[in-house]
Amino acid sequence: MDPSSTTPQAPPDADAAAQSELEREVARRRTFAIISHPDAGKTTLTEKLLLYAGAIELAGAVRGRKARRHATSDWMELEQERGISITSAALEFEISGRRMSLIDTPGHRDFSEDTYRALIAADSVVMVIDAANGVEEQTRKLFEVSRRHRLPILTFINKFDRPSKDPLELLDDLERTLGIHAAPVNWPIGSAERFRGVYDLQRKQMLMYEREAQGQYRAPVDLSSLDDPASRELIGENAYAHFRESLDVIRAAGTAYNAEEYLAGRQTPVFFGSALNNFGLEPFLAALVELAPPPQPRPSDTGVISPTDDRFTGFVFKIQANMDPRHRDRVAFVRVCSGRFTKDMTLFNSRVGKPLRASRAYRFFGRDRETIAVAYAGDILGLVNPGQFAIGDTLHTGAPLKFVEVPRFPAEHFGRVRLQDTRYKQFDEGLRQLEEEGLMQVFYVTSGRREPVVGVVGALQFDVIASRLRSEYGVEVQIDSTNYTYARWLAPGAALPPLAVGEQSAIAVDRQERRVLLFGSEWELQYFQRQHPTVALLAESPASTIRT
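For the structure given in this document, a descriptive report is provided here. Since we're looking at a predicted model, the values are computed, not measured. (Residues numbered from 1 in each chain as written. Predicted model: local features only at pLDDT ≥ 70, side-chain atom pairs only at ≥ 80, totals over all residues. Heavy atoms only, no water.)

Attention now goes to the overall build of the chain. Helix and strand counts for the chain come out as 13 helices and 31 strands. Counting every position in the chain, which comprises 548 residues, the buried fraction comes to 55%. The long-range fraction of contacts in the chain, counting pairs at least 24 apart against all pairs at least 6 apart in sequence, stands at 71%. Accessible surface, the chain as shown: approximately 24000 Å² in total, 48% of it carbon and sulfur. (Helix = DSSP H or I, 4+ residues; strand = E, 2+ residues; numbered from the N terminus. Buried < 20%, exposed > 50% of the residue type's maximum accessible area, 1.4 Å probe, protein only. Contact = heavy atoms within 4.5 Å. Areas by Shrake-Rupley, 256 points an atom, 1.4 Å probe, with all protein chains shown as cover.)

Laid out in structure tokens, this is it:
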């Protein structure tokens, strides 16, 4: 007997209602990431967005057990010691009828692959620029990843309460350095100690702010016209004259905001303000809610998947071990791409083809979690992972499919990991789990001692690896620097010539036994390519071909 003949069928109007609910829920979701150079104010801006959204009551004082004070998204012990963000945390909150999912990317100079992968799970980006420094190195790197994935970018030029570059110079820097059109939405009124607020170019209003309790609460704001005498007196004659002069220039010759250009990634709307003092945050948050796109279609090996497709699909973009040290659990962060997730539903992992029951599903707010019963496209879902998931896995109901494989980004620093005790089993397990998280790439040189060589994007990750192996797996390690500077995979099917590498280079394999060449210098890499032009080398590990 056909099993479907015994299954009660929902009436047509019920199907229509369910689809209508799905479309409504998808339309109100916004999933975005924040990128910046270190010390540009990304963590402060994150907290203030949560403050203005009503997700926290007091900025700078998110209390956990034992009254620890730290940013909501910074939970790892090493993060709290150094006051930096190392991992990517998911923060979800409601505002103005929108369901916002903020994927908080690590902002430290020595960031990890985690930072890059967070962008793959987002539909848009907020770029934070330090008004004193303009576009900086890490911002450029993260911008290029965002551009490759065609993510729309909103820009917040921060720290105008401090000595700053001229706003016209900052716009020019954005355009020259990043090759994107900068369209100011508002304009700063003064700077440093004379910074008073912003002028809304579209509504033609001055938003004048008052400093309030070191920025712990929302800043009071007064609206006034451009020629209001009281505001002019408050700003000061010289600051007001300079403000009007630059405003006249930008209104006459500046780039006007265009929604299509923004969504296509060719233009970035620009906002000015001070996250520390809450100046300019309300218009920026309102624009983020209004302008950021809803969940977008995703390419797969069966074609493009619409977010309103009625089957559930999603992919794993992050795995975090030991988020709760009491339970030693591992959580797979899943970006929901289509359909509706419900608790206890049966999913398939396309990599292994086996069904699994999603009985423990969570929504995260930094380290805090709550069990959820339903999720939609655009949401970030946490599934407790007892070993079934790997980064890049596609989860789905219905017909099989596979999303674009999450790339491994080229390592820039390499170190040899040496165990300092005899706990080999814990050492191997710790390395395996940390690699599954994407914290590093592990290589084994095929000649000599089989000591693991780890490749990371930022050198700080060596400290993170040693710290986590010690605190979470109970093993002491020493990580010694190596001469390697580049890792290149052999393309599938490529033959490796004999004596192919130089004195400082080596032949290795990764955990999947794929051959990798470790080069000691750029010269050795280029020499190999000149000597063996037919041998294809890949900067990223081989990935599947996907039809778009």
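From this point on, the discussion continues.
Glancing now at the pattern of salt bridges. Summed over all chains, the structure comprises 32 salt bridges. Asp-123 is the partner of Arg-335 in a salt bridge, and the nearest nitrogen-oxygen pair spans 3.0 Å. Taken together, the residues span a long stretch of sequence, with Arg-335 in strand β15 (residues 330-338) and Asp-123 in the loop between α4 (113-120) and β4 (124-130) at a distance of 212 residues. One exposure class covers both Arg-335 and Asp-123, and it is buried. (Salt bridge = Lys/Arg side-chain N within 4 Å of Asp/Glu carboxyl O.)

Now for the nonpolar core. Membership of the largest hydrophobic core comes to 93 residues, with the highest contact counts inside it found for Leu-45, Ile-157, Leu-174, Phe-243 and Leu-288. Considering each element in turn, this core owes the most residues, 6 residues, to helix α10 (residues 281-291). Phe-243 has contacts with Trp-187, Pro-188, Ile-189, Tyr-199, Met-206 and Leu-226, leaving out every residue within four places of it along the chain. The next biggest cluster of nonpolar side chains, apart from the first, holds 21 residues, and it includes Val-442, Tyr-444, Ile-465 and Leu-469. (Core = buried A, V, L, I, M, F, W, Y, C linked by side-chain atoms within 4.5 Å.)

On to the pairing of strand β22 (residues 380-384), then. Counting buried positions along β22 yields 5 of 5 residues, so the element is predominantly enclosed. Of the two faces of β22, the one carrying Ile-380, Gly-382 and Val-384 and the one carrying Leu-381 and Leu-383 are both buried. Here 5 bridges tie β15 to β22, and the two strands are oriented antiparallel to one another. Its bridge partner being in β22, Val-334 is matched across the sheet by Leu-381. Of the strand pairs in this sheet, strand β19 (residues 361-365) and β22 are connected by 2 bridges, and their pairing is antiparallel. Looking across to β22, one finds that Ala-361 is bridged to Leu-383. (Pairing = 2+ DSSP bridges.)

Moving on: the environment of Ile-103. Assignment of secondary structure puts Ile-103 in strand β3 (residues 98-104). On a C-alpha basis, the gap between Ile-103 and Leu-119 in space is 8.0 Å, while along the polypeptide they are 16 residues apart.

What follows deals with the packing of helix α2 (residues 42-52) against α10. For any two helices packed against each other, one specifies the inter-axial angle together with the distance between the axes. The contact between α2 and α10 brings their axes to 11 Å, and the two run at 80°. Taken together, the axis directions place α2 and α10 in an arrangement best described as roughly perpendicular. Within the contact between the two elements, α2 uses Leu-45, Lys-48, Leu-49 and Tyr-52 and α10 uses Leu-281, Glu-282, Phe-284, Leu-285 and Leu-288. Looking at the contact of α2 with α10, its residues break down into 7 nonpolar, no polar and 2 charged. (Axes fitted to C-alpha atoms, helices over the stretch in contact; angles between N-to-C directions. Parallel < 35°, antiparallel > 145°, perpendicular 65-115°, else oblique. Nonpolar A, V, L, I, M, F, W, Y, C, P; charged D, E, K, R; others polar.)

So, about the sheet that holds strand β8 (residues 197-200). Taken in spatial order, the 4 strands make up an open sheet running β7-β8-β9-β10, and their pairing is antiparallel. Each edge of the sheet is formed by a strand with only one pairing partner; in this case those strands are β7 (186-189) and β10 (221-224). Across the sheet, the axes of successive neighbouring strands diverge by a mean angle of 25°, strand direction being ignored.

Tracing the backbone shows Arg-29 in strand β1 (residues 29-36). Looking at Arg-29, the relative accessible area reads 4%, which means it is buried. One polar contact links Arg-29 to Glu-25, side chain to side chain, over a distance of 2.7 Å. Among residues more than four places away in sequence, those in contact with Arg-29 are Arg-99, Pro-293, Pro-294, Pro-295, Tyr-376, Ala-377 and Asp-379. (Polar contact = N/O pair within 3.5 Å; in protein donor to acceptor, adjacent residues only side chain to side chain.)

Turning next to the packing of aromatic side chains. Tallied over the full model, the rule gives 17 aromatic pairs. Ring geometry for Phe-414 versus Phe-443: centroids 6.4 Å apart, planes at 40°, classification tilted. Of the two residues, Phe-414 is situated in strand β24 (residues 413-419) and Phe-443 in strand β25 (residues 441-445); the sequence distance between them amounts to 29 residues. Look at Phe-414 and you get buried, because its relative accessible area is 3%. Taking relative accessible area as the criterion, Phe-443 reaches 0% and is therefore assigned buried. Taken together, the ring pairs in this structure connect Phe-160, Trp-187, Phe-195, Tyr-209, Phe-272 and Phe-279 into an aromatic cluster. (Phe/Tyr/Trp six-rings, centres within 6.5 Å; stacked < 30°, edge-to-face > 60°.)

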